[in-house]
Amino acid sequence: MDKEKMRAVGQWLHKAQHDLRSAHRLYTDDPPLLDTAAYHCQQAAEKALKGYLTLHDIQFRKTHLLAPLVAECAKLDYQFHELAEAAAKLTPYATEFRYPGEGLDPEESDVAEAMQLAQTVVEFVMRRLPCDLTGKA
């Protein structure tokens, strides 16, 4: 793999991992910042999926919708279909609580689930990366 692509994929995954860490810190803050934590969960999954597509030279449009990203990844690896439910649950967090409206914050249990789902997506993608991108031998 050329160095430029390797760098780009690494940056997507680096940002995904930062979003996971941000979600965790926001969730455990006192008081917790649930709306922002949920947003970062969606972002972590989105960036991991985009990193995988970048690895395979698949162009994607700017979107916060995870289902189309999962579908594109599944064209390369059918097992990505396992992430469909996670994608459906995480996608609304991209916008649902970012602006004033009827619901200012998600439920704490929903954010806990979102954090687990985002972690699952990121780890799923990481297991499918070349060793030189994950640091594993």
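Model, not experiment: these values are computed from the prediction.

(A) Structural context of the overall build of the protein. Looking only at helices and strands, one finds six helices and zero strands in the protein. Mapped from its N terminus to its C terminus, the protein presents α and β elements in the order α-α-α-α-α-α. By the compact-globule yardstick of 14 Å for 137 residues, the protein fits well, its C-alpha radius of gyration being 15 Å. In terms of overall dimensions, the protein has a C-alpha envelope of 45 × 25 × 25 Å along the principal axes. Counting the 137 residues in the protein, one finds 42% classified as buried. A separation threshold of at least 6 residues defines the contact pool for the protein, and within that pool the share at least 24 residues apart is 66%. When the accessible area of the protein is evaluated, it comes to approximately 7900 Å², of which 53% is carbon and sulfur surface. Measuring between centres, the 16 positive side-chain charges of the protein sit 10 Å from its 21 negative side-chain charges.

(B) Looking closely at the environment of Met115. Looking at the secondary structure, you find Met115 in helix H5 (residues 108-126). Met115 has contacts with Ala23, His24, Tyr27 and Cys41, leaving out every residue within four places of it along the chain.

(C) Highlighting the pattern of salt bridges. Scanning the model with the defined rule gives eight salt bridges in all. Linking Arg7 and Glu4 is a salt bridge whose minimum nitrogen-to-oxygen distance equals 2.6 Å. Of this pair, Arg7 and Glu4 both sit in helix H1 (residues 3-28), three residues apart, roughly one helical turn. Exposure remark for Arg7: the relative accessible area of 43% places this residue in the partly exposed category. Residue Glu85 is joined to Lys89 by a salt bridge in which the shortest nitrogen-to-oxygen separation is 3.2 Å. Of this pair, Glu85 and Lys89 both sit in helix H4 (residues 84-90), four residues apart, which is roughly one turn of the helix. Judged by its relative accessible area of 34%, Lys89 is partly exposed. Taken together, the salt bridges that share partners define one network made up of Glu85, Lys89 and Glu113.

Parameters and conventions
Residues numbered from 1 in each chain as written. Predicted model: local features only at pLDDT ≥ 70, side-chain atom pairs only at ≥ 80, totals over all residues. Heavy atoms only, no water. Helix = DSSP H or I, 4+ residues; strand = E, 2+ residues; numbered from the N terminus. Rg over C-alpha atoms; globule rule 2.2 N^0.38 Å. Buried < 20%, exposed > 50% of the residue type's maximum accessible area, 1.4 Å probe, protein only. Contact = heavy atoms within 4.5 Å. Areas by Shrake-Rupley, 256 points an atom, 1.4 Å probe, with all protein chains shown as cover. Lys, Arg positive; Asp, Glu negative; His and termini not counted. Charge placed at Lys NZ, Arg CZ, Asp CG, Glu CD. Salt bridge = Lys/Arg side-chain N within 4 Å of Asp/Glu carboxyl O.

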